[in-house]
Amino acid sequence: MQQNRDFDNNEAPASDVIAGRNAVAEALRSGREIDRLLVAHGASGGSLAPIIAKCRQRGILIKEVSPQKLDLLCGGIPHQGVALLAAAHTYCQVEDMLRLAEERGEPPFLILCDEIEDPHNLGAIIRTAEACGVHGVIVPKRRSASLNATVAKAASGALEYMKVARVTNLTAVIDQLKEKGIWVYGAHMEGQSWCGQGYTGPTALVIGSEGKGIGRLVAQHCDMLVSLPMLGHINSLNASVAAGVLMYEVARQRSGIGAIEPK
């Protein structure tokens, strides 16, 4: 079980907290979309064992937290050492995004978020993605903000219209997209000029966190790295701002205004 002494940005607030062993077991049995399972330290035995096993089988993230943190999250509801955080929105599959692009008669346009842990940033990215005609946003299961209430609020309604997939291995997904003829561009400080590339064909943009950017392995799997000019004293932009600039360049080219043919 993954150890975690405190809540992170992904765990508070959640759109729906399901507390107590019977309630958690029924929620899992119903098949509803679950974000993560929280278990109090030292409470993993007894009737919790089959609950934990089922979460592992379904690939649900499991975190061990202090009883005090669990008390705070559950707001006085008796939790018996366990609670589920339900997602604010149902995740889809990457194939659903590609199918949507085909139905619209458009080349796929996807956004991949590499370790975007701030839910406000993820929500803002989803909001801009919907405005730019993106077919889907892909996030990793670990080290990423999940679709909680904060993300939904920051997205300002766009989450209801945007497909979001949560995947185990982002680099594996990048390789799969490349096999389908989709060009993958990673936002990176050492990349080529962002406005000198052609995005009218099948395109996926990879956006990393503000602090670390995209990971080394993820960058290696991209077809090309692109960068935005930094003319002031700081050397990075907020992740959602950088994503917005790049997304609108794709949207601009696809609208036929100054389009550049992919190289």
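Residues numbered from 1 in each chain as written. Predicted model: local features only at pLDDT ≥ 70, side-chain atom pairs only at ≥ 80, totals over all residues. Heavy atoms only, no water.

Caption draft 1: The packing of aromatic side chains, seen in detail. With the rule as written, the count across this model stands at 2 aromatic pairs. A ring pair is formed by Tyr185 and Tyr199, whose centres lie 4.9 Å apart and whose planes are at 70°; its orientation type is edge-to-face. Highlighted residues: Tyr185 in strand 9 (residues 183-193) and Tyr199 in the loop between strand 9 and strand 10 (203-208), separated in sequence by 14 residues. The same class applies to Tyr185 and to Tyr199, which are both buried. Aromatic rings pair up to connect Trp183, Tyr185 and Tyr199 into one cluster. (Phe/Tyr/Trp six-rings, centres within 6.5 Å; stacked < 30°, edge-to-face > 60°. Helix = DSSP H or I, 4+ residues; strand = E, 2+ residues; numbered from the N terminus. Buried < 20%, exposed > 50% of the residue type's maximum accessible area, 1.4 Å probe, protein only.)

Caption draft 2: Spatial organisation of unusual backbone geometry. At Glu115, a residue that is not glycine, the phi angle is positive and equals roughly 60°. Its location among the elements puts Glu115 in the loop between strand 6 (109-114) and helix 5 (119-131). Located in the positive-phi region is Ser156, a residue other than glycine, with phi close to 50°. One can find Ser156 in the loop between helix 6 (149-154) and strand 8 (164-167). You can call Ser156 partly exposed: its relative accessible area is 46%.

Caption draft 3: The arrangement of the layout of surface pockets in detail. Taken as a whole, the largest pocket holds about 420 Å³ of empty space. Taken together, the elements giving at least two residues each to the lining of the largest pocket come down to strand 9, strand 10, strand 11 (224-227) and helix 9 (239-254). Here the residues of the lining of the largest pocket sort into 11 nonpolar, 8 polar and 2 charged. Taken as a whole, the second largest pocket spans an internal volume of roughly 370 Å³. When contributions to the lining of the second largest pocket are tallied by element, the ones reaching two or more residues are helix 4 (94-104), strand 8 and helix 7 (170-179). (1 Å grid on protein atoms, 1.4 Å probe; cavity = no way out; pocket = protein on both sides within 12 Å on 5 of 7 lines; lining within 4 Å. Points joined across faces, edges and corners; volume = space filled by probe spheres on them. Nonpolar A, V, L, I, M, F, W, Y, C, P; charged D, E, K, R; others polar.)

Caption draft 4: Region of interest: the state of the cysteines. Under the criterion given, the structure shown has 0 disulfides. Here Cys195 stays free of any disulfide, with the sulfur of Cys132 as its closest cysteine sulfur at 16 Å. Overall, the relative accessible area of 37% leaves Cys195 in the partly exposed class. (Disulfide = S-S within 2.5 Å.)

Caption draft 5: Examining the pattern of salt bridges more closely. Enumeration over the complete set of coordinates arrives at 7 salt bridges. Salt-bridge contacts for Glu26 lead to Arg29; the nearest nitrogen and oxygen are separated by 2.4 Å. Linking Glu26 with Arg29, this pair stays in helix 1 (residues 21-30), spanning 3 residues, or about one helical turn. Accessibility expressed as a relative area gives 48% for Glu26, which makes it partly exposed. Measuring nitrogen to oxygen at the nearest pair gives 3.1 Å for the salt bridge that ties Arg166 to Asp35. Pair noted here: Arg166 is in strand 8 and Asp35 is in strand 3 (residues 34-40), with a separation of 131 residues, a long-range link. (Salt bridge = Lys/Arg side-chain N within 4 Å of Asp/Glu carboxyl O.)

Caption draft 6: Examining the nonpolar core more closely. In this structure, Ile111, Leu122, Ile126, Val137, Val164, Leu205 and Met247 are the most contacted members of the largest nonpolar core, which totals 36 residues. With 6 residues, the single largest contributor to this core is helix 9. Not counting chain neighbours up to four residues away, the residues in contact with Ile111 comprise Ile125, Val134, Gly136, Val137, Ile138, Leu205, Ile207 and Met247. Of all hydrophobic cores here, the second largest spans 26 residues; its members include Val24, Val39, Leu48 and Ile60. (Core = buried A, V, L, I, M, F, W, Y, C linked by side-chain atoms within 4.5 Å. Contact = heavy atoms within 4.5 Å.)

Caption draft 7: The arrangement of the sheet that holds strand 8 in detail. Ordered in space as 8-7-6-10-9-11, the 6 strands form an open sheet in which the pairing is parallel. Each edge of the open sheet is held by one strand with a lone partner, namely strand 8 and strand 11. In this sheet, adjacent strand axes meet at a mean angle of 30° when their direction is disregarded. In this sheet, strand 10 lies alongside strand 6 in parallel orientation, the contact comprising 6 bridges. (Pairing = 2+ DSSP bridges. Axes fitted to C-alpha atoms, helices over the stretch in contact; angles between N-to-C directions.)

On their own, these measurements won't tell you what the molecule is for.
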